[in-house]
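So the chains spell out like this:
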Amino acid sequence: MTASHPFPPRSPGRLGGVALVLGGALSVQFGSALAALLFPRTGVAGAVTLRLALGALLMLAVCRPRLRGHRRDDWSAVVAFGLALAGMNSIFYQAIERIPLGPAVTLEVLGPLALSVVGARRAAAWCWAGLALAGVALLGQGGFDRLDPLGAALALAAGAMWAAYIVCSARVGARFPRADGLALALAVAALVTLPIGLVDAGGRLADPAVLGLGAALALLASVLPYSLELVALRRLPTATFAVLMSLGPAVAALAGWLVLGQALHPVEVLAIGLVVAASVGAVRAAAGPPPVAPPPVLSGAAAAPPARR
């Protein structure tokens, strides 16, 4: 162990952290594929409601967050975080109803990538942003009409909400212990989306089979990945975590292919690869030199990286 590298290269804790992040990525992307299977039964709004409402109930039961003793600014941060969660999930699910999962996540990840580039303020980060734009242009060579222009626009809008999610996550994580802020924000998001989901799906949400799928969706897409990421952030440097999270588009393409049968053209696979490479490069550029000391234990909903939909 050295001062410039606080973790040994083969540290079991660090390797375990990598496994946790990859497990969380697999969980959330296969959860998104499961959501697409729910759409014919519940509609998009119904699937969003099931995920957020059941996820909130599970998180509240596990975390049991304290409601008293918080300032008005704390609650404002939670409400903003909840609105970002509701918007991000609703818009993204509208996108994957129209375009394949892999390209949708590829376009969506441009939001966190832009946030990373702006925050880095380094020329290298802007070069990586150019590579990402080249990947998106290449994605269009397969025909954005094939992707559906509205679906592509929704994926980009979801990316903007993802960037807002990251900023709000950092604020809430600094104000609330453990995952309490996340549990409360999920409750806010559930309350916001519940009326729309009830109007869209109605009594279908009470069907036992739908509830079972909804519970699996909440577990795969919310509770499990959030929990794995929180544990991983206690074992990994923030920059390493963010690099691993940049693999999201590739994992999404795999989930779309295995679960939904969404095959991609070779040019689309190359485009996704370019965006993944650009995301990794931008994160490394933003991170700068390795830290001298181990990063602090984070509390609440992870402050750094592109976290979750």
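Thresholds applied
- One numbering rule holds for all chains: residues counted from 1, following each sequence as written.
- Local features in a predicted model are, by the rule used here, given only for residues with pLDDT of at least 70; side-chain atom pairs are given and counted only at 80 or more, and totals for whole chains, interfaces and linings are based on all residues.
- Only hydrogens and water are removed before side-chain values are computed, so all heavy atoms of the structure are retained for them.
- The helix count covers DSSP runs of H or I at least four residues long, the strand count covers runs of E at least two residues long, and both are numbered beginning at the N terminus.
- Buried residues are those whose accessible area, probed at 1.4 Å on protein chains only, stays under 20% of the maximum for their type, while exposed residues exceed 50% and partly exposed ones sit between those limits.
- In what follows, residue pairs with any heavy atoms lying within 4.5 Å of each other are defined as contacts.
- As used here, the term nonpolar core means buried Ala, Val, Leu, Ile, Met, Phe, Trp, Tyr and Cys residues forming a set that is joined through side-chain atoms within 4.5 Å.
- Aromatic pairing here means that ring centres of Phe, Tyr or Trp (its six-membered ring) are within 6.5 Å. Orientation follows from the plane angle: under 30 degrees is stacked, over 60 is edge-to-face, and everything else is tilted.
- Put simply, a patch holds well-exposed residues, over 30% relative accessible area, that have no salt bridge, with like charges counted together within 9 Å and Val, Leu, Ile, Met, Phe, Trp or Tyr side chains within 5 Å.
- Accessible surface area values rest on a Shrake-Rupley calculation with a 1.4 Å probe, where residue burial reflects the displayed protein chains alone.
- When a carboxyl oxygen of Asp or Glu is within 4 Å of a side-chain nitrogen of Lys or Arg, the pair counts as a salt bridge.

Undergrad: Even after reading the chapter, I still don't get the overall build of the protein chain, so can you show me in this structure?
TA: Secondary structure summary: the protein chain contains 12 helices and 0 strands in total. Mapped from its N terminus to its C terminus, the protein chain presents α and β elements in the order α-α-α-α-α-α-α-α-α-α-α-α. When burial is assessed residue by residue, the protein chain has 51% of its 309 residues classed as buried. Restricting the contact set of the protein chain to residue pairs at least 6 apart, pairs at least 24 apart contribute 90%.

Undergrad: Would you mind going over the nonpolar core with me for this structure?
TA: Side chains of nonpolar character tend, in soluble globular proteins, to be buried together. In terms of nonpolar packing, the biggest core is built from 72 residues, with Leu-85, Tyr-93 and Tyr-165 touching the most fellow members. Looking at which element gives the most residues to this core, the answer is helix H1 (residues 12-63), with 14 residues. Look past the residues within four positions of Leu-85 in its chain and what remains in contact with it is Tyr-165, Leu-182, Ala-185, Leu-186, Ala-189 and Tyr-226. With 9 residues, the next largest nonpolar core counts Leu-20, Val-21, Leu-228 and Leu-233 among its residues.

Undergrad: Can you walk me through helix H3 (residues 101-108) in this structure?
TA: Most of H3 sits inside the fold, with 8 of its 8 residues counted as buried. Among all positions of H3, only Leu-101, Gly-102, Pro-103, Ala-104, Val-105, Thr-106, Leu-107 and Glu-108 are buried.

Undergrad: Honestly, the packing of aromatic side chains in this entry has me stumped. Any pointers?
TA: Between two aromatic rings, the relevant description is the distance of the centres plus the angle of the planes. Enumeration over the complete set of coordinates arrives at 4 aromatic pairs. Considering the side-chain rings of Phe-92 and Tyr-93, the 6.2 Å spacing of their centres and the 50° angle between planes classify their relative orientation as tilted. Taken as a pair, Phe-92 and Tyr-93 share a single burial class, namely buried. Through a chain of ring-to-ring contacts, the aromatic side chains of Phe-39, Phe-92 and Tyr-93 assemble into a single cluster.

Undergrad: Looking at this structure, how should I read a nonpolar patch on the surface?
TA: A surface patch of nonpolar side chains, amounting to about 550 Å² of accessible area, comprises Leu-26, Leu-37, Leu-254, Trp-257, Leu-258 and Val-259. At the level of elements, H1 and helix H11 (248-260) are the ones that each hand at least two residues to the nonpolar patch. At 4 residues, the largest contribution of residues to the nonpolar patch is made by H11. Relative accessible area serves as the criterion here: at 51%, Leu-258 is assigned to the exposed category.

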